[in-house]
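An overview of the molecular structure
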Amino acid sequence: MYKVLLVDDEFLIREAVSAKIQWKELGFELAGLCENGRQAVAFIEEDPVDVVLTDICMPYLDGMELSKYLYENCPQTEIIIFSGYGEFEYAKQALQYHVSEYILKPVTARELTKVLVSVREKLDRKRKQERKMDQLNEVYHKYTKNESLIISKALSRLVSGTQGFEKSLKELKELGVKIHGNAFRVVAAELDVYSEYGDMEMDSKKGSSLMSFVVENISDEILRRGDLGIAYRDSDHSVCLLIWKHAKQENTKQIREICTEIQETVRRAAGLSVSMGIGCCVTSLEELPYSYKSASEMLRYRYAKGTGVILDCGDRQCEENPMTLKKELKAAAEAVKGFDQNRFEEILRTIETWMKERYVNRNTASGYFQQIIQIIYANVSQADDSFALPETVMAAVADANSIEAAMDILREYAAKGFLALEHIGQPGSKRQAAKAIDYIRENYGNQNLGLNQICEYLNMSTSRFSSIFKEATGKTFTEVLIDVRIQNAERLLRQTRLKNYEIAEKVGFSDPHYFSQVFKKMTGKTPKEYARENSE
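Residues numbered from 1 in each chain as written. Predicted model: local features only at pLDDT ≥ 70, side-chain atom pairs only at ≥ 80, totals over all residues. Heavy atoms only, no water.

**Some thoughts on the environment of V393**
Within the secondary structure, V393 sits in helix α15 (residues 391-399). A residue is classified by how much of its surface remains accessible, and V393, at 12% relative accessible area, is buried. A C-alpha to C-alpha distance of 9.6 Å links V393 and Q370, two positions 23 residues apart in sequence. Each residue touching V393, except ones within four places of it in the same chain, is listed here: I373, I409 and Y413. (Helix = DSSP H or I, 4+ residues; strand = E, 2+ residues; numbered from the N terminus. Buried < 20%, exposed > 50% of the residue type's maximum accessible area, 1.4 Å probe, protein only. Contact = heavy atoms within 4.5 Å.)

Encoded structure:
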């Protein structure tokens with residue numbers, strides 16, 4: 001239950017509000033009623049509350065002055081202000097005191113109930129965050145009994161190579177740190193909430209050292225249990241694991257199991273998501289900076305792979321030449337020109353999968369996304385010159401924290417583009433159909449003329465073309481092609497003395513017998529009969 005104090009100098013309002021609101025059902029307890037701000041301050045000093053509902057105009061200490069007092073002395077208290085119509089602009093000045101809600105008088109029970117529900121939800125979120133921080137403190141005290149920040153800094157200097165190798169080893173020896181083995185791998189672990197790919201607000205990113213200590217000490221406890229290595233804090237939001245082995249053979253499976261156990265333990269203990277990058281294997285301590293660099297670089301690929309992941313440099317496929325997607329980008333342009341939204345979405349899925357599988361970095365992916373956006377804009381704006389490319393679209397794609405998020409923005413823009421094309425409607429379809437008929441009339445003599453050839457000419461999918469062509473002409477492509485061929489055969493039979501097989505060949509039939517069958521079906525006469533009756 002959250003405690004509420006009601007402050008208003010009008011007795012009837014105090015009584016009406018206290019009686020009409022179902023306090024307990026809403027999760028509140030009406031702790032007291034006060035006539036003015038001075039009484040309210042005295043009450044709160046003795047018995048703090050979670051919410052204060054106050055009028056603006058009151059004697060001794062008004063609602064604004066009470067809000068200022070609460071802001072300065074009780075910042076966790078939520079403030080709801082009642083305001084008469086003439087006082088409403090005045091009430092807005094209370095923004096500087098972080099007032100939660102304003103309610104214009106007269107106040108109904110329904111309005112106040114709605115506001116109280118909103119404030120309760122806000123208080124619930126605050127309480128949840130406080131419990132999480134309490135949990136972090138508990139975990140922190142459990143896991144940080146014997147850690148030393150000095151040891152972490154010394155290990156960081158050794159592994160990153162920022163200090164001479166011999167000096168670092170001497171320093172660690174004096175601190176009682178022993179490093180075993182003859183093969184080593186560095187693992188970089190970073191809290192996702194602090195990375196550029198995290199989506200939590202800055203206000204929720206407090207206690208970075210505390211959270212990192214939790215990850216560090218859980219990691220160190222797991223490593224020391226099997227004498228597998230040592231963990232240290234590399235920065236306020238990242239931890240490194242130095243894992244050693246007594247054989248030169250790779251043991252990737254064991255390292256992955258260690259990383260998975262650390263992730264799961266951190267999630268259970270503190271509710272935190274951690275991503276981990278596994279560096280290359282080196283066979284001497286002097287080479288540790290190479291492993292450290294490759295481990296840190298792997299974390300950059302969370303843009304492609306997401307958060308809460310384990311990224312092993314041994315798994316990474318090389319990013320291919322930017323020309324690799326040339327075929328897909330061309331197909332995307334053809335899909336837009338052909339009004340084929342399903343085909344376009346299919347191409348986007350192919351591109352997205354390709355990026356994720358090849359660990360494409362943010363800059364490379366952003367370049368592809370910009371090309372796709374330009375393809376959409378260029379082709380849609382040709383048909384609809386009012387279609388625009390807002391700067392916010394490019395900016396949003398560039399700022400997206402993952403490939404999936406960028407794709408969502410891109411798909412939204414594409415949907416607007418296809419909607420614009422749809423609004424163009426029938427006239428656009430008729431233009432395409434007219435172009436197709438012109439092409440047929442120019443190329444009917446080509447025996448290989450078919451649906452695929454004309455769709456390639458129009459930059460349109462066969463399904464889309466067939467649909468708009470039938471809609472615009474009432475006939476299929478094949479029916480129109482045969483009509484044009486027979487019309488030209490009739491002309492040749494009237495104007496020339498060419499033989500049937502020669503005419504068949506000229507109008508695009510490879511089989512004279514089939515030509516005769518089609519001609520009779522279309523005209524009711526054989527080519528010879530037609531020529532005899534219509535020769536000029």
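**Some remarks on the pairing of strand β8 (residues 238-245)**
In the case of a regular strand, side chains alternate between the two sheet surfaces. Extensive coverage of β8 is indicated by the burial of eight of its eight residues. Burial along β8 is two-sided: S238, C240, L242 and W244 and V239, L241, I243 and K245, pointing in opposite directions, are all buried. The pairing of strand β6 (residues 183-191) with β8 spans eight bridges and is antiparallel. Within β8, the position partnered with A189 by the bridge is V239. (Pairing = 2+ DSSP bridges.)

**Comments concerning the sheet that holds strand β3 (residues 51-55)**
The strands that make up a sheet pair up through hydrogen bonds in the backbone, lying either parallel or antiparallel. The strand order across the open sheet formed by five strands is β2-β1-β3-β4-β5, and the pairing between neighbours is parallel. The open sheet has two edge strands, β2 (28-34) and β5 (101-104), and neither has a second partner. Taken pair by pair, the neighbouring strands of this sheet meet at an average axis angle of 20 degrees, ignoring direction. As defined by bridge partners, β3 adjoins strand β4 (residues 78-83) across five bridges and the pair is classed as parallel. Residue T54 lies in a different strand from β4, and its bridge partner there is I81. (Axes fitted to C-alpha atoms, helices over the stretch in contact; angles between N-to-C directions.)

**As for the pattern of salt bridges**
A complete count under the given rule lists 19 salt bridges for this structure. Note that K122 is salt-bridged to E78, the shortest N-O span being 3.4 Å. Of this pair, K122 sits in helix α5 (residues 109-143) while E78 sits in strand β4; the two residues are 44 residues apart in sequence, bridging distant segments of the chain. Residue K122 is classed as partly exposed on the basis of its relative accessible area of 33%. Taking the shortest distance from any N to any O, the salt bridge between D312 and R185 comes out at 3.0 Å. Of this pair, D312 sits in strand β10 (residues 310-312) while R185 sits in strand β6; the two residues are 127 residues apart in sequence, bridging distant segments of the chain. In this pair, the class of D312 matches that of R185, namely buried. (Salt bridge = Lys/Arg side-chain N within 4 Å of Asp/Glu carboxyl O.)

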